[in-house]
Amino acid sequence: MTATDEKPACAFDRKADPCIIVIFGAAGDLNKRKLLPALHNLRANRLLPDEFAVVGVARRELSHQVFREQTTREVQALSATTRGPSWIDFAARLYYSYGDFGEGATYERLAAQLIEVEKRHHTAGNVVFYLATPPTVFAEIVAGLGRAGLLTERDGKWRRVIVEKPFGRDLASAEALNYELHKVLSEKQIYRIDHYLGKETVQNLLVFRFGNGVVEPIWNRRYVDHVQITVAEDLGVERRGGYYDKAGVVRDMIQNHMFQLLALVAMEPPSTLAAEAVRNEKVKVLEAIRPMSGDEVIRNTVRGQYGAGMVGGKAVPGYREESDVAPASNTETYAALELSLENWRWAKVPFYLRSGKRLGRRDSEIVIQFRRPPLALFRQAGIDQIGANRLVIHVQPDEGIDLQMKAKIPGPRIQLRTVKLSFNYADFGEQPEATGYERLLYDCMIGDSTLFHREDMVRAAWQIATPILEAWAERPAADFPNYAAGSWGPAAADELLACDRRSWVVPEAVSKKR
Ligand code: BG6
């Protein structure tokens, strides 16, 4: 498969609305690594109007000028694309406001600054507030904004709030956070962000499924044997031990990013591409996943924690030796789940999900394994077992799609070999460097919430994840650490599939050849 030259149907066909983006947590990593570079990229690609400005908010008192200079130094040290005249143009639109997030004065000061910035940049009263802070202060910030009247929409001026993950740590805390947000915001104003939904291949899933006539007819229990979704990371917890030790992989990756991938794979075709139509279908899938009882959790899930090992030829410490991690921590850094979807399309088709830190290499992919041919026609040629066809959707680091088929090796005898029909995103030519946040920020600025989690999706996802976390908490793992850094996870994860006479697709085997 290669890219041909049809006219691209581009969603970026207009500039974002005039607005100010206020970033709470302006001193943090997310702002410097992703948000400011993404906004800069949007501006450099002419997707932001001239009527646009950014206000960073953090605790420390700084002038606009010092904030601009410091931010420029830090952002440029992290990303080469943020150098040159386009950054100078962008940095001239950067402002700063400071204060403790718990104090009313912080929001009064911000309100006064927004009036000034709006006057200077003609931003039409539209504001996005981005909560790039620890989740513990989400509710406090939103309450402060509400009290200062900053969330009120009137005379066609919109106010939107982007909330970072994690959204709660279980069903009850997510419900409580939703309740706090809804005291001052309507659901339409809330954009719960998931950066996985900004990835190209993830967005391509909808196009692949619903833009190709040949795919949908076989995308169901009659033809699909099972689905595997893997999000493997080679990194450990880096400098985030404090956060991660209270989270673990189910809260950090599975409840949000991976359930969203699953929803895109399994959803029914939406009636239109309108945000609510797409999100309605996604939530139906999540609601169709049967929450597990305690015993089912033990049977259908595997958890793991990495010990010391070798990654990329370098010796790395075990999870319990990482900084800010409890020396006897029971937090899982790996999980594998077998989920059942109780709906017409997917009844009895297992969905296997796995994710972990410090695995063999960074690789995320979705494997659709089809049923074998009904008849072993080639048995006479000594070929009893024909491997199944697989569709492999590579999410990262290489983006592309492989369809694995069987073909005859040339020669007088019948001999079969697996061949790949491959499409690589690189075939579209070099793409401008992106952080993955561009699309999501732009969508929020034009009021398109398709790629954001809706309240009921968050609830449905926690309804699946919470019983797993509770069952694990009741029976602390006795064998941690149970996989070596650099391996593919605990042996029990292989057994989970072996019990069903299946096995995980090893990522190297499917993507290295491109
Ligand atoms: C974040 C998690 O949401 O996603 C991190 O908090 C994880 O722990 C990261 O490393 C992975 O994102 P990506 O885009 O690098 O796959």
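Overview of the structure. (Residues numbered from 1 in each chain as written. Predicted model: local features only at pLDDT ≥ 70, side-chain atom pairs only at ≥ 80, totals over all residues. Heavy atoms only, no water.)

In this section: the overall build of the chain. When helices and strands are counted, the chain shows 15 helices and 18 strands. Taken against the 2.2 N^0.38 rule, which gives 24 Å for 514 residues, the C-alpha radius of gyration of the chain at 24 Å falls within 12% of a compact globule. Its C-alpha atoms put the chain at 80 × 55 × 45 Å along the principal axes. In the chain, which comprises 514 residues, the proportion classed as buried is 53%. Contacts in the chain between residues at least 24 apart in sequence constitute 77% of all its contacts with a sequence separation of at least 6. Surface accessibility of the chain: about 23,300 Å² in total, with carbon and sulfur atoms responsible for 53%. Across the chain, the mean location of the 68 positive side-chain charges is 3 Å away from that of the 66 negative side-chain charges. (Helix = DSSP H or I, 4+ residues; strand = E, 2+ residues; numbered from the N terminus. Rg over C-alpha atoms; globule rule 2.2 N^0.38 Å. Buried < 20%, exposed > 50% of the residue type's maximum accessible area, 1.4 Å probe, protein only. Contact = heavy atoms within 4.5 Å. Areas by Shrake-Rupley, 256 points an atom, 1.4 Å probe, with all protein chains shown as cover. Lys, Arg positive; Asp, Glu negative; His and termini not counted. Charge placed at Lys NZ, Arg CZ, Asp CG, Glu CD.)

Before going further, it helps to spend a moment on the sheet that holds strand β4 (residues 127-131). What holds strands together in a sheet is hydrogen bonding between their backbones, with the strands either parallel or antiparallel. Spatially, 6 strands are ordered β3-β2-β1-β4-β5-β6 in an open sheet, and the strand pairing comes out parallel. Only two strands of the sheet have a single neighbouring strand rather than two, namely β3 (94-98) and β6 (190-192). Averaged over all adjacent pairs, the angle separating strand axes in this sheet is 20°, with direction ignored. Alignment of β4 against strand β5 (residues 159-163), held across 5 bridges, turns out to be parallel. For Phe-129, the partnering residue across the bridge sits in β5 and is Val-161. Against the sheet, helix α2 (residues 64-78) touches β2 (52-58) and β3, its axis set at about 115° to β3. (Pairing = 2+ DSSP bridges. Axes fitted to C-alpha atoms, helices over the stretch in contact; angles between N-to-C directions.)

To continue, consider the site of the ligand. Around the ligand, the neighbouring residues are Lys-165, His-195, Tyr-196, Lys-199, Glu-233, Arg-240, Asp-252, Met-253, His-257, Lys-357, Arg-362 and Gln-396. Between the ligand and the protein, one listed contact pairs an oxygen atom with a side-chain N or O atom of His-195 at 2.8 Å. One of the side-chain nitrogen or oxygen atoms of Tyr-196 is found 2.4 Å away from an oxygen atom of the ligand. Burial of the ligand by the protein chains amounts to 81% of its free accessible area of 390 Å². Counting residues per element, the shell around the ligand draws most heavily on helix α9 (residues 249-266), which supplies 3 residues. In terms of residue class, the shell around the ligand is built from 2 nonpolar, 3 polar and 7 charged. (Near = heavy atom within 4 Å. Polar contact = N/O pair within 3.5 Å; in protein donor to acceptor, adjacent residues only side chain to side chain. Nonpolar A, V, L, I, M, F, W, Y, C, P; charged D, E, K, R; others polar.)

Next up on the list: the sheet that holds strand β8 (residues 301-304). Read from one edge of the open sheet, 8 strands run β8-β12-β13-β7-β14-β15-β16-β17, paired in mixed fashion. Both outer strands of the open sheet, β8 and β17 (416-424), are each paired with one neighbouring strand and no more. Geometrically, the sheet is characterised by an average inter-axis angle of 15° between neighbouring strands, direction not taken into account. In this structure, strand β15 (residues 390-396) lies alongside strand β16 (residues 400-408), joined through 5 bridges in antiparallel fashion. Residue pairing in the sheet places Ile-393 in a bridge with Ile-401 of β16. Strands β7 (224-232), β12 (334-339), β13 (351-356) and β14 (363-370) of the sheet are contacted by α9, whose axis makes an angle of about 145° with β13. Lying over the sheet, helix α14 (residues 491-498) contacts β7, β8, β12 and β13, oriented at roughly 10° with respect to β12.

This part is about the packing of helix α1 (residues 29-44) against α2. Their axes nearest at 9 Å, the elements α1 and α2 cross at an angle of 95°. Comparing their axes, α2 and α1 come out roughly perpendicular. In contact with Lys-32, Arg-33, Leu-36 and Pro-37 of α1, α2 contributes Thr-71, Glu-74, Val-75 and Leu-78. A per-class count over the contact of α1 with α2 returns 4 nonpolar, 1 polar and 3 charged. (Parallel < 35°, antiparallel > 145°, perpendicular 65-115°, else oblique.)

Another point: unusual backbone geometry. Following Lys-165, the chain continues into Pro-166 via a peptide bond in cis, with omega recorded as -5°. Here the amide bond leading from Gln-396 into Pro-397 is cis, since omega sits at 0°, within 30 degrees of zero. Of note, Pro-397 is situated in the loop between β15 and β16. For Arg-358, which is not a glycine, the phi torsion comes out positive at approximately 55°. By secondary structure assignment, the location of Arg-358 is in the loop between β13 and β14.

With that settled, the discussion passes to the pattern of salt bridges. Evaluation of the coordinates by the stated rule reveals 31 salt bridges. One salt bridge in this structure joins Asp-402 and Lys-420, with 3.9 Å as the shortest N-O distance. Of this pair, Asp-402 sits in strand β16 while Lys-420 sits in strand β17, placing them 18 residues apart in sequence. Here Lys-420 falls in the partly exposed class, since its relative accessible area comes to 27%. A salt bridge links Arg-439 to Asp-443, with the shortest nitrogen-to-oxygen separation between them at 3.3 Å. Taken as a pair, Arg-439 and Asp-443 lie in helix α12 (residues 438-446) at a separation of 4 residues, close to a single helical turn. For the residue pair Arg-439 and Asp-443, the accessibility class agrees, reading buried in each case. One network of salt bridges, in which partners are shared, links Arg-43, Asp-50, Asp-89 and Arg-93. (Salt bridge = Lys/Arg side-chain N within 4 Å of Asp/Glu carboxyl O.)

Another aspect to go through is the pairing of β2. Within β2, 7 of the 7 residues are buried, leaving the element largely enclosed by the surrounding structure. Residue alternation in β2 divides its side chains into two sets, Phe-52, Val-54, Gly-56 and Ala-58 and Ala-53, Val-55 and Val-57, and both sets are buried. Summarising the sheet, strand β1 (residues 19-24) and β2 pair through 6 bridges and their orientation is parallel. The partner of Phe-24 across the bridge, within β2, is Val-57. With respect to chirality, the unit in which β1 leads through α1 into the neighbouring parallel β2 is right-handed. (Right-handed = clockwise from strand over helix to strand, strands pointing away.)

Another aspect to go through is helix α5 (residues 138-147). An α-helix turns once per 3.6 residues; consequently, residues spaced three or four apart project the same way. Within α5, the full set of buried residues consists of Phe-138, Ile-141, Val-142, Gly-144 and Leu-145. Viewed along the axis of α5, the buried residues span an arc of 160°, placing them on a single side of the element. Elements that come into contact with the buried residues of α5 comprise β1, α4 (104-121), β4, β5 and α6 (171-184). Just downstream of α5, Gly-149 is the residue with a positive phi angle, here 75°. (Arc of directions from axis to C-beta.)

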